[in-house]
Amino acid sequence: MCGIVAYTGFRVAAPLLVEGLKRLEYRGYDSAGLAIASREGFSIYKQAGKVSALARTIEGIAPIGHTGIAHTRWATHGAPTDANAHPHISYDGEIVLVHNGIIENYAALRSHLSEKGITFSSETDTEVLTHWIAWTRQQYPNSSWEEIIRRAFAPIEGTFGVALLVRSHPDLIVLVRRFSPLLIGIGEGELIAASDATAIIPYTRRVIHLEENEAALLYGGRSEPKLFSLGEKQRTPQVEYIDWDLASIERGGYPHYMLKEIFEQPTALRDCMRGRIRQEPLEVRLGGISNVMDRILSAQRLTLVGCGTSWHAALVGEYLIEQLARVPVEVEYASEFRYRDPVIGPSDVVVGISQSGETADTLAALRLAKHKDALVLGITNVVGSSIPRETHAGIYIHAGPEIGVASTKAFTAQLTALTLFALHLGASRYAINRHLHDTLIETLLRLPELIQETLQKLNEPVQTLAEKFMHASNALYLGRGYNFPVALEGALKLKEISYIHAEGYPAAEMKHGPIALIDAGMPVIVIALRDSLYEKVLGNIQEVRARGGQVIAIATEGDTHIQHYAEEVLYVPDVPEPLSPILTVLPLQLLAYHAAVMRGCDVDQPRNLAKSVTVE
Ligand code: F6R
């Protein structure tokens, strides 16, 4: 949510910053801007619209400075206009600043500054912060920047990742973090900071994560930042190594990241399982939670929290853990959990599921649970992100960078990690029989290959289907049991990237309301596998057909009977029910993708959305 890049070193900053913004654009794309510092002062360019528009604006005129900051915005306070775009400059021209997050007490600060005669040229909380820091500096003219930053941020409420430049020190960048992530890439004689690693790894894989309430001074020509805390706590920073390579953050010949990531699912699953399955006897090993296994085993229940697609993964997790480990599971939207004073205590285990590891509501829910002495775990993709740093233990899904705003490979990797967790828990509790345990592990190991075959087989037929589908203005997705959450996920994928309104429902619930929507123009996608609920789902399909609905079935390979019930059938391989969501979601991802492309939508950057939601 909003992307920041900052650079100081020997390279020309402007092209590097634009390149970095392009890599971060999936975090927000309402407006973009950059500032370059030099002895002559600041050069600032900013405008509404995408990074490519900014790049065109500065072509041929960008200054040759070596220190600069840049920002791509997802609007919170103020519409996406040129005036509201970052960077903002302070009233005395001393500071230029970019910001992720929300300054909650900006109105109070604004009126305080107005009383001092300071005027504002935008509606943003960020401009208020910029003036506030400049004003604080004027009150303490002989103070170091360390002191000024401590004083200026002491009364600030809210969340921020901030990068700022100072006119009187044109080779200095100041970074400040509370909640919104910032990493510093450590190069040889250069430092590059960003909201996430994708903007850094073309230059270095050695990074320092800024911690909560921490700030850093980056001086030009140095290879080490100077870190300091906004409070009392000081620490010796650790340089960490990011093992993503450049290819993993490029499109690699695919027209969109989303399609690339759909086709990366076999690799994502292999990486998720690597080193976690032992042979003879077959068993799951999860090193990331081994230290807390005793506490997990003594828990009376597990609570899974997440948002969006990760919440859908949590719903499948509930079915998996309850069936395979026989432990009661609650699933909650992180945003609801955190505000309803949940009854949670030391005997609880709360698991946050999040691709980015930065989603504000999920992180806050986990902090709340930790505060109430629960054991908190994270199932995350981004190594070193806030959730794994703040939880007691966890499981990385190792799906590799996910850049398309619509989550695809992270979802199937989350399901894989949850299956491993459920199997491990089930085996440790002696709750699962050996035959089912071994069958599931053996099938899990075959899944990458089955996904590959399914994607290859279905891509073209789904594309043909999307040609009809693209004209729909509504769609209904139905599933039962393990595949009810997949219906929700299919509907979410469709609406977020193609803007076709879609609802996901448990198939049997349809007759309690949504059935009223069905007419001849309504495509109804039904996940109708040959599983324990097959006959029931066929009954639900009949109810749809009786009202003229157009049924598209996702069915088990070899099931010809289903053809009597559906206009279109898309087949997926036959696997045990608990693993079926990993396959049934594939045609739904492809359908959303192709329908969106045919409707001319920007698949990787759908309107109003951003990849990593770091505001509540
Ligand atoms: C949908 C999607 C979002 C995310 C949600 C949580 O395709 O990507 O719904 O799933 O914003 O994000 P994470 O998993 O990063 O916590």
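Residues numbered from 1 in each chain as written. Predicted model: local features only at pLDDT ≥ 70, side-chain atom pairs only at ≥ 80, totals over all residues. Heavy atoms only, no water.

Trainee: What am I meant to see in the site of the ligand here?
Mentor: Taken together, the neighbourhood of the ligand is formed by 14 residues, with Ser 310, Ser 354, Gln 355, Thr 359 and Glu 496 sitting nearest. Within the backbone of Gln 355, a nitrogen or oxygen atom sits 2.7 Å from an oxygen atom of the ligand. Here the ligand, which alone exposes 410 Å², has 91% of that area covered by the protein. Counting residues per element, the ones that place at least two in the shell around the ligand are helix H9 (308–325) and helix H15 (484–498). (Near = heavy atom within 4 Å. Polar contact = N/O pair within 3.5 Å; in protein donor to acceptor, adjacent residues only side chain to side chain. Areas by Shrake-Rupley, 256 points an atom, 1.4 Å probe, with all protein chains shown as cover. Helix = DSSP H or I, 4+ residues; strand = E, 2+ residues; numbered from the N terminus.)

Trainee: What exactly am I supposed to notice about the pattern of salt bridges here?
Mentor: It is possible for side chains of opposite charge to pair when their charged atoms get near one another. Inspection of every chain in the model, using the stated rule, returns 30 salt bridges. A salt bridge links Arg 11 to Glu 190, with the shortest nitrogen-to-oxygen separation between them at 2.7 Å. Linking Arg 11 in the loop between strand S1 (3–8) and helix H1 (13–24) with Glu 190 in the loop between strand S9 (183–186) and strand S10 (191–194), this pair joins segments that are 179 residues apart in sequence. Under the relative-accessibility criterion, Glu 190 is labelled buried at 4%. Residue Arg 274 is joined to Asp 271 by a salt bridge in which the shortest nitrogen-to-oxygen separation is 2.5 Å. Given the relative accessible area of 55%, Arg 274 is considered exposed. Taken together, the shared-partner salt bridges in this structure form one network comprising Glu 211, Glu 214, Arg 235, Glu 240 and Arg 389. (Salt bridge = Lys/Arg side-chain N within 4 Å of Asp/Glu carboxyl O. Buried < 20%, exposed > 50% of the residue type's maximum accessible area, 1.4 Å probe, protein only.)

Trainee: Could you clarify how one ought to interpret the pairing of strand S13 (residues 226–229) in this entry?
Mentor: A regular strand places its side chains on the two faces of the sheet in alternate fashion. The pairing of strand S12 (residues 214–219) with S13 spans four bridges and is antiparallel. Bridge pairing in S13 links Glu 214 to Ser 229. (Pairing = 2+ DSSP bridges.)

Trainee: Would you mind going over the nonpolar core with me for this structure?
Mentor: Ile 289, Ile 321 and Tyr 477 are the most contacted members of the largest nonpolar core, which has 99 residues in total. Per-element tally for this core: the top contributor is helix H14 (residues 434–469), with twelve residues. If sequence neighbours within four positions are ignored, Tyr 477 has contacts with Phe 469, Ala 487, Gly 490, Ala 491, Leu 494, Ala 502, Glu 503, Gly 504, Tyr 505, Ile 525, Leu 588 and Leu 591. (Core = buried A, V, L, I, M, F, W, Y, C linked by side-chain atoms within 4.5 Å. Contact = heavy atoms within 4.5 Å.)

Trainee: What is the right way to look at the sheet that holds strand S26 (residues 568–572) in this model?
Mentor: Sheets are built from strands that pair by backbone hydrogen bonding, the pairs being arranged parallel or antiparallel. Here five strands make up an open sheet; going across it, the order is S23-S22-S24-S25-S26 and the pairing parallel. Edge positions in the sheet fall to strand S23 (501–506) and S26, since each has one partner strand and no second. Each strand axis lies, on average, 20° off the axis of its neighbour in the sheet, ignoring direction. Judged from the six bridges that link them, strand S24 (residues 523–528) and strand S25 (residues 550–556) form a sheet pairing that is parallel. (Axes fitted to C-alpha atoms, helices over the stretch in contact; angles between N-to-C directions.)

Trainee: Looking at this structure, how should I read the packing of aromatic side chains?
Mentor: Remark: the centre distance and the inter-plane angle together describe each pair of aromatic rings, the angle taken between the planes. Using the criterion set out here, one finds five aromatic pairs in the structure. Ring geometry for Trp 311 versus Tyr 333: centroids 3.9 Å apart, planes at 15°, classification stacked. Here Trp 311 is found in helix H9, whereas its partner Tyr 333 is found in strand S18 (residues 329–333), with 22 residues between them in sequence. According to the relative accessible area criterion, Tyr 333 is partly exposed, its value standing at 40%. Positioned above the aromatic ring of Phe 120 is the side chain of Arg 110, whose terminal nitrogen or guanidinium carbon lies 4.2 Å from the ring centre. The ring of Tyr 140 is capped by Arg 151, whose NZ or CZ atom sits 4.0 Å from the centre of that ring. (Phe/Tyr/Trp six-rings, centres within 6.5 Å; stacked < 30°, edge-to-face > 60°. Lys NZ or Arg CZ within 6 Å of the ring centre and 35° of its normal.)

Trainee: Any chance you could explain the side chain of Thr 67 here in plain terms?
Mentor: Turning to its location among the elements, Thr 67 is positioned in strand S4 (residues 67–73). If near-sequence neighbours (up to four positions away) are discounted, Thr 67 is found in contact with Tyr 7, Thr 8, Ala 13, Ala 35, Ile 36, Ala 37, Leu 165, Pro 170, Asp 171, Leu 172 and Ile 173.

Trainee: Is there a simple way to explain the packing of H1 against helix H2 (residues 51–58) in this structure?
Mentor: Between two packed helices, both the angle of their axes relative to each other and the distance between the axes serve to describe the pair. In the contact formed by H1 and H2, the axes pass within 10 Å of each other and the chain directions differ by 165°. One way to sum up the angle between H1 and H2 is to call them roughly antiparallel. Remark: the crossing between H1 and H2 carries left-handed chirality. Seen from H1, the contacting residues are Val 18, Leu 21 and Lys 22; seen from H2, they are Val 51, Leu 54, Ala 55 and Ile 58. Residues belonging to the contact of H1 with H2 are distributed by class as follows: six nonpolar, no polar and one charged. (Parallel < 35°, antiparallel > 145°, perpendicular 65-115°, else oblique. Left-handed = near helix turned anticlockwise from the far one by under 90°. Nonpolar A, V, L, I, M, F, W, Y, C, P; charged D, E, K, R; others polar.)

Trainee: Sorry if this is basic, but what is going on with helix H17 (residues 581–598) here?
Mentor: Three- or four-residue spacings in an α-helix give side chains the same orientation, since the helix completes a turn every 3.6 residues. An ideal rise of 1.5 Å per residue puts 26 Å on 18 residues; H17 measures up with 26 Å between its terminal C-alpha atoms. Counting buried positions over the 18 residues of H17 gives 16, a clear majority of the element. (Expected span 1.5 Å × (residues − 1).)

Trainee: Which parts of the structure should I look at to understand the sheet that holds strand S11 (residues 206–209)?
Mentor: Pairing is antiparallel in the open sheet, where eight strands are placed in the order S3-S2-S4-S1-S10-S9-S11-S14. Strand pairing shows two members of the sheet lacking a second neighbour, strand S3 (41–48) and strand S14 (240–241), which therefore form its edges. Note that S11 and S14 share two bridges and pair antiparallel. Across the sheet, Arg 206 pairs through a bridge with Tyr 241, a residue of S14. This element, H1, spans S1, strand S2 (31–38), S4 and S10 of the sheet and lies at about 155° to S1.

Trainee: What is the right way to look at H2 in this model?
Mentor: Those residues of H2 lying buried are Val 51, Ala 53, Leu 54, Ala 55 and Ile 58. Looking at the buried residues of H2, the elements they touch are H1, S2, S3 and S4. Positive phi shows up at Gly 60, right after H2, with a value of about 80°.

Trainee: So what exactly am I meant to see when it comes to the side chain of Ser 122 here?
Mentor: Residue position: Ser 122 is located in the loop between helix H3 (106–115) and helix H4 (125–139). Here the side chain of Ser 122 touches Thr 124 through a polar contact of 2.9 Å, side chain to side chain. For Ser 122, the residues in contact, after removing those within four places along its chain, are Ala 83, Asn 84, His 88, Arg 110 and Glu 127.

Trainee: How should I be thinking about the pairing of S23 in this particular structure?
Mentor: In the sheet, strand S22 (residues 474–479) pairs with S23 via six bridges, with the strands oriented parallel. Across the sheet, Tyr 477 pairs through a bridge with Gly 504, a residue of S23. Each parallel crossover has a hand, and the one from S22 via H15 to S23 is right-handed. (Right-handed = clockwise from strand over helix to strand, strands pointing away.)

Trainee: What am I meant to see in unusual backbone geometry here?
Mentor: Residues other than glycine predominantly adopt negative phi, and peptide bonds predominantly adopt the trans conformation. At the junction of His 86 and Pro 87, the peptide bond is cis and its omega measures out at 5° in the coordinates. Its location among the elements puts Pro 87 in the loop between S4 and strand S5 (88–89). In this model, Glu 280 is joined to Pro 281 through a cis peptide bond whose omega is -5°. Unusually for a residue other than glycine, Asp 341 sits at a positive phi of about 45°. Tracing the backbone through its elements, the reader meets Asp 341 in the loop between helix H10 (334–337) and strand S19 (348–354).

Trainee: I'm lost on the environment of Phe 484 in this one. Help?
Mentor: By the element assignment, Phe 484 lies in helix H15. In this view, Phe 484 contacts Tyr 319, Gly 479, Tyr 505 and Pro 506; residues no more than four positions away in its chain are not counted.

Trainee: Looking at this model, I keep getting lost on the environment of Phe 120. Mind explaining?
Mentor: Here Phe 120 lies in the loop between H3 and H4. When its relative accessible area of 19% is taken as the criterion, Phe 120 is described as buried.

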